[in-house]
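Below, each chain spelled out in residue letters.
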Amino acid sequence: MPFLFGQKRGEGNMILKKIGAWMIALSMVSTMAACGAEKGDGKATATETESSSETTTEESETTELELFMSKPETAEIMEQIAAKFCEENPGVKINVTSSSDGRTVLQTRLASDDVPDILNTFPAEDFYKNIFREGYIEEITDQEFLSKVNSDTLKMSACDDKYYAVPMSVSTYGIYVNMDVLEANGITEAPSTWDELIADCKTLKDKGVTAFLMPNKDVGNVAQRFERTVGVINNDSYSEFKKIADGEMEAKDSPTLNAWVEYNTELLEYTNEDHMGMDYDIAVADFSNGKAAFMFSGTWMLSTVKENNPDANVKLIAFPNPTGGETKVPINIDTSFSISSTCKNKEIGLKFLEYMTQTDIAQMYCDVDGNVSLIEGVEYNVEQHKDMKTAVDSGNIFLTAVNFWPDGLREEIRPYCQQYLGDGDKEAFFEEAQDAIVTIYSDNE
């Protein structure tokens, strides 16, 4: 393995090899039901004396592929789509697996040369571009089905002017608002500025209501929240962090990092007391059922909210820039599908990618995913995301920071973000952030 994606200081090949088998097994725990099983006629099975050679021949003619999802919230709909694909393609069996920490699992599997046959990727991010360049993913530049993707966004998914993924949707990030909680406490409109947000938080606290749910036990959620909100504070955080790496600035003097610390210090006054012990799934369930008014997340969370409470009255709003500066909405190329260069049957793998670009199939996925679809003919009428669609349509957006930060920075800095949220030690955070930024920028030179 030529490199370790996002490796933390002090970790090396030996550690990855030791945890490799465990992580692979863990990813399989969330395996969804496979499709393409042998069809029965409802009668008793053949006699046990029947020749086993026929069974062996039948099994040998079955193409079995793994579809790995780093988006467990859409694994169920992908199970349904995979089953439909298998019904239309006899002799194909697709096992859908997923993980809430898909990137870590994928890192481990890359280190073990065990790349899934089909996988969802995020092609604008450096992590995935490195995978493309290293030859783990099949190039699909000449595939006709790419013409069904929004051309502007398709260009954003290119790697060295080549394509390795078919992008399905664009995600946006902000604050989910439970409008029933606000209205029950005399607040009739969602906040649009930082001052309005804090005023609402104070009102809720005075009434004994939790304003924000923060699942700070989930380091992956902390990492994403850090990266997306830092981007709102400074759309060009990469340049500022580069100054830190080059010795032109210290982390403790970074306007961006200071703003991140300050806004979290303020919001923690209105956050659930058990935030350091709460994971993402519990937080979404509590939010969906009216136990808090606000929660950071992106368009993808809506499907999980609906699963927890189909009647939840929620909407996604922009995260107001806490510095008082311009507020733009972070977007990312979200669900995209690729096949690995080691896919057991590339013809079937490519056929599945093409299948995902069919209007009816893409509509199935969009209706659950909740993100803005990029496939022609798909209708997007998600009332809860009306403000996000307006932002996208008006161009009041920016491509999120993870696409510009050097590979591994978000993973390197996330434990220190989590630690700060737990102990509030600014000096320790700045010191660790300094070290993380210098290390990662140096490693990526």
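Fair warning: this is a prediction, and the values are worked out from it, not measured in the lab.

Calculation criteria
- Residues numbered from 1 in each chain as written.
- Predicted model: local features only at pLDDT ≥ 70, side-chain atom pairs only at ≥ 80, totals over all residues.
- Heavy atoms only, no water.
- Helix = DSSP H or I, 4+ residues; strand = E, 2+ residues; numbered from the N terminus.
- Buried < 20%, exposed > 50% of the residue type's maximum accessible area, 1.4 Å probe, protein only.
- Phe/Tyr/Trp six-rings, centres within 6.5 Å; stacked < 30°, edge-to-face > 60°.
- 1 Å grid on protein atoms, 1.4 Å probe; cavity = no way out; pocket = protein on both sides within 12 Å on 5 of 7 lines; lining within 4 Å.
- Points joined across faces, edges and corners; volume = space filled by probe spheres on them.
- Nonpolar A, V, L, I, M, F, W, Y, C, P; charged D, E, K, R; others polar.
- Core = buried A, V, L, I, M, F, W, Y, C linked by side-chain atoms within 4.5 Å.
- Contact = heavy atoms within 4.5 Å.
- Axes fitted to C-alpha atoms, helices over the stretch in contact; angles between N-to-C directions.
- Parallel < 35°, antiparallel > 145°, perpendicular 65-115°, else oblique.
- Left-handed = near helix turned anticlockwise from the far one by under 90°.
- Expected span 1.5 Å × (residues − 1).
- Polar contact = N/O pair within 3.5 Å; in protein donor to acceptor, adjacent residues only side chain to side chain.
- Arc of directions from axis to C-beta.

(A) Inspection of the overall build of the protein chain at higher detail. Scanning the protein chain from N- to C-terminus turns up 18 helices and 11 strands. Per-residue burial over the protein chain gives 53% buried out of 445 residues.

(B) Layout of the packing of aromatic side chains. In this structure the tally under the stated criterion is 24 aromatic pairs. Ring centres of Tyr 263 and Phe 296 lie 6.3 Å apart, and the angle between their planes is 55 degrees; on these two criteria the pair is classed as tilted. Of this pair, Tyr 263 sits in helix H11 (residues 255-267) while Phe 296 sits in strand E6 (residues 294-298), placing them 33 residues apart in sequence. Classification of Tyr 263 as buried rests on a relative accessible area of 1%.

(C) Examining empty space enclosed by the protein more closely. Scanning the model with the defined rule gives 3 cavities of 30 Å³ or more in all. What the largest cavity holds in volume is close to 60 Å³. Counting only elements with at least two residues in the lining of the largest cavity, the list comes to helix H5 (126-133) and helix H17 (409-423). Residues of the lining of the largest cavity, tallied by class, amount to 5 nonpolar, 1 polar and 6 charged.

(D) Here's a closer look at the nonpolar core. In terms of nonpolar packing, the biggest core is built from 115 residues, with Met 78, Phe 212, Leu 257, Trp 260, Phe 294 and Phe 429 touching the most fellow members. Ranked by residues supplied to this core, first place goes to helix H18 (residues 426-443) with 7 residues. Setting aside anything within four residues of it in sequence, one finds Phe 212 in contact with Ile 175, Leu 197, Cys 201, Leu 267, Tyr 270, Thr 271, Asn 272, Ala 292, Phe 294, Met 295 and Phe 296. Of all hydrophobic cores here, the second largest spans 15 residues; its members include Leu 106, Leu 110, Phe 122 and Tyr 136.

(E) Up close: the packing of helix H3 (residues 75-88) against helix H15 (residues 359-369). Following both chains from N to C, one finds H3 and H15 inclined at 165 degrees, their axes separated by 10 Å at the closest point. By the criterion of interaxial angle, the relationship of H3 to H15 is roughly antiparallel. Crossing hand, H3 versus H15: right-handed. Contacts between H3 and H15 involve Ile 77, Met 78, Ile 81 and Lys 84 from the first element and Ile 361, Met 364, Tyr 365 and Val 368 from the second.

(F) Here's a closer look at H18. Over its 18 residues, H18 runs 26 Å from end to end, which matches the ideal 26 Å to within 8%, given 1.5 Å per residue. Of the positions making up H18, those classed as buried are Phe 429, Phe 430, Ala 433, Ala 436, Ile 437, Thr 439, Ile 440 and Tyr 441. Packed against the buried residues of H18 are helix H9 (219-233), helix H10 (237-245), H11 and H17. The opening residue of H18 is Asp 425, an N-cap whose side-chain oxygen sits 3.3 Å from the backbone nitrogen of Glu 427.

(G) Main features of helix H8 (residues 194-206). A rise of 1.5 Å per residue sets the reference length of H8, with its 13 residues, at 18 Å; its end C-alpha atoms lie 18 Å apart and thus fit the reference within 8%. Those residues of H8 that fall on the buried side of the exposure criterion are Trp 194, Leu 197, Ile 198, Asp 200, Cys 201 and Leu 204. Each buried residue of H8 sits inside an arc of 160 degrees when the element is viewed along its axis, so together they form one side. Across from the buried face of H8, at angles greater than 90 degrees, the exposed residues are Asp 195 and Asp 206. Structurally, H8 contributes buried residues whose contacts are with strand E5 (169-178), helix H7 (179-184), H11 and E6. Note on H8: the residue one or two positions beyond its end, Gly 208, has a positive phi of about 80 degrees.

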